[in-house]
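Close look at the chain arrangement
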Amino acid sequence: MLQDKRVLLIVGGGIAAYKALDLIRRLRERGARVRAIMTRAGTEFVTPLSVASLTGEKAYTDLFSLTDEAEMGHIRLSREADLVLVAPATADLMASMAHGIARDLATTALLATDKPVMIAPSMNVQMWLHPATQRNLRILEGDGILRVGPGSGDLACGESGDGRLAEVMDIVAAVETFFSARSKAGDQPLAGRRALVTAGPTHEAIDPVRYIANRSSGKQGYAIAQALAALGAETTLVSGPTVLPDPDRVFTVRVESAREMLAACEAALPADVAVCVAAVADWRMADDTRQKIKKNSGAPPALKLVENPDILAGLSARANDRPRLVVGFAAETQNVVAYAQAKRAKKHCDWIVANDVSPATGIMGGDDNTVHLVTADTVEDWPPASKSAVAERLARRIADHLGEPTV
Ligand code: CTP
């Protein structure tokens, strides 16, 4: 149910902070990707190391840490999530949120986020019942902030009453309900956007019966077209020859050669985003050979080749109808990231998704992929994942980049 949902967990300072560890485990078991920010008080109760071990990512703690900011600016941290979950939400965090106070990384991310926020309050009963907290709660509810708990019972401070952090499984259930309600309401951040994807190999005719080809299966490109369409984009897939069926809700144009692929891409413009995944043949025959080359016509023929047009570079260079975001792929067998950075600069695209296709990885033609997302100033190493999971993650990133839907 939570597959690939991105939860930004803010761990406040309170005795219940230890329960955040179990919460992370339960969310991840269900497929969610959890990234955590801890308040300074939160780190007094659980260590960033425990949180990082369970999320599989660094636990962010410090607004003014240059390393944290260089790795992941606080704005990006607050935006790259589908839900921001504050657990435990202390009285102090609730007060800061209600009044827009941003004094550390957690409160700054809460003020900077444009994503839905859910709080799981946890505090002493008198603090919970205090008019100030109740006033803040009303403000937060007026702001549309979601809430789970608190529960009632014995509190760590020895008193009993309202103020217990909701049970971990109740928080998980609230998160699941949030996502299922949202998917029913239509999770379509790319609605009104147009996407263009190239995929598969190209076939370059040597003569009417022979061609130059490569081992591209088309799977990654097809998965990306499908993922973009699933998020609401009006998607055109320009595909070289593959054995794959047309993806659902995608307008698929089948072509053979690089030149046909280029023409079909130009016909599909304008587009908000272009993702060039095709393994376009670098060369084609210099001359059209209309008759089959015969074996007995003498020595083996010398194939005279000329370079094919570069579709990715061509789309990046368009003057009036350049897609706002142009994404290329780079399949490399060594120096993967460095070559990808060079390729990005050379082809003037915005992002390059780089993968290592050296034979030892077994990636070429397989169902899994391990990629690095190279942008103008960052490199993200994504964990090994299925090609469809890579596609969904990339589609989400594209949606985040393009911003709010246009319809
Ligand atoms: N590409 C393209 N048109 C071409 C060649 C490549 O659109 N004629 C795109 C691919 O779809 C991919 C990216 O360019 O997004 C990288 O292609 P690649 O063939 O790896 O780059 P080259 O410039 O050919 O570099 P090399 O083969 O030397 O690694």
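All values reported here derive from a predicted model rather than from experimental measurement. (Residues numbered from 1 in each chain as written. Predicted model: local features only at pLDDT ≥ 70, side-chain atom pairs only at ≥ 80, totals over all residues. Heavy atoms only, no water.)

Describing the sheet that holds strand 6 (residues 146-147)
Threshold: A pair of strands is considered paired only if DSSP assigns at least 2 bridges between the two. Strands are runs of DSSP state E lasting at least 2 residues, helices are runs of H or I lasting at least 4, and numbering of each runs from the N terminus. Residues count as neighbours in contact if any of their non-hydrogen atoms are within 4.5 Å of one another. Note on geometry: axes are lines fitted to C-alpha atoms, helical ones only across the stretch in contact, with angles between N-to-C directions running from 0 to 180 degrees.
Reading across the sheet, the six strands line up as 3-2-1-4-5-6 and stay open at both edges, with parallel pairing between neighbours. Each of the sheet's edge strands pairs with one partner strand only, and the pair in question is strand 3 (59-60) and strand 6. Taken together, the two bridges between strand 2 (residues 33-38) and strand 3 define a ladder with parallel strand orientation. Across the sheet, the residue bridging to I37 is Y60, located in strand 3. Helix 6 (residues 91-99) contacts strand 4 (83-89) and strand 5 (117-121) of the sheet and is inclined by roughly 140 degrees relative to strand 4.

What to know about the environment of A87
Note the cut-off: Think of it in three bands: with a 1.4 Å probe and only protein chains considered, a residue is buried below 20% of the maximum accessible area for its type, exposed above 50%, and partly exposed in between.
Position of A87 relative to the elements: it lies in strand 4. When its relative accessible area of 1% is taken as the criterion, A87 is described as buried. With 306 residues separating them in the primary sequence, A87 and R393 have C-alpha atoms 25 Å apart. Aside from chain neighbours lying at most four places away, what touches A87 is L9, I10, V11, G12, A20, L23 and A120.

Points about the packing of helix 1 (residues 19-29) against helix 3 (residues 48-55)
Helix-helix packing: each pair is described by the crossing angle between the helix axes and the interaxial distance. What counts is decided by this rule: Orientation categories follow fixed angle ranges, with anything under 35 degrees roughly parallel, anything over 145 roughly antiparallel, 65 to 115 roughly perpendicular, and all other angles oblique.
Between helix 1 and helix 3, the shortest axis-to-axis distance is 9 Å and the interhelical angle comes to 10 degrees. As far as their axial angle goes, helix 3 and helix 1 are roughly parallel. Taking contact as the criterion, the partners of L21, I24, R25 and R28 in helix 1 are, on helix 3, S50, V51, L54 and T55.

A closer look at the site of the ligand
Which entries qualify depends on this criterion: Throughout, the term near means that a residue has one or more heavy atoms lying within 4 Å of the molecule or strand in question. N or O atoms closer than or at 3.5 Å make up a polar contact, with two conditions inside protein: a donor-capable atom paired with an acceptor-capable one, and, for residues adjacent in sequence, both atoms drawn from side chains.
The environment of the ligand is formed by 14 residues, the closest being C276, A278, L312, F329 and K343. In this structure, K343 approaches the ligand through a side-chain N or O atom, which is 2.7 Å from an oxygen atom. Mapped onto the shell around the ligand, the elements with two or more residues apiece are helix 13 (311-316), strand 17 (325-332) and helix 14 (336-347). Top element by residues in the shell around the ligand is helix 14. It accounts for three residues.

These figures capture arrangement, not role.
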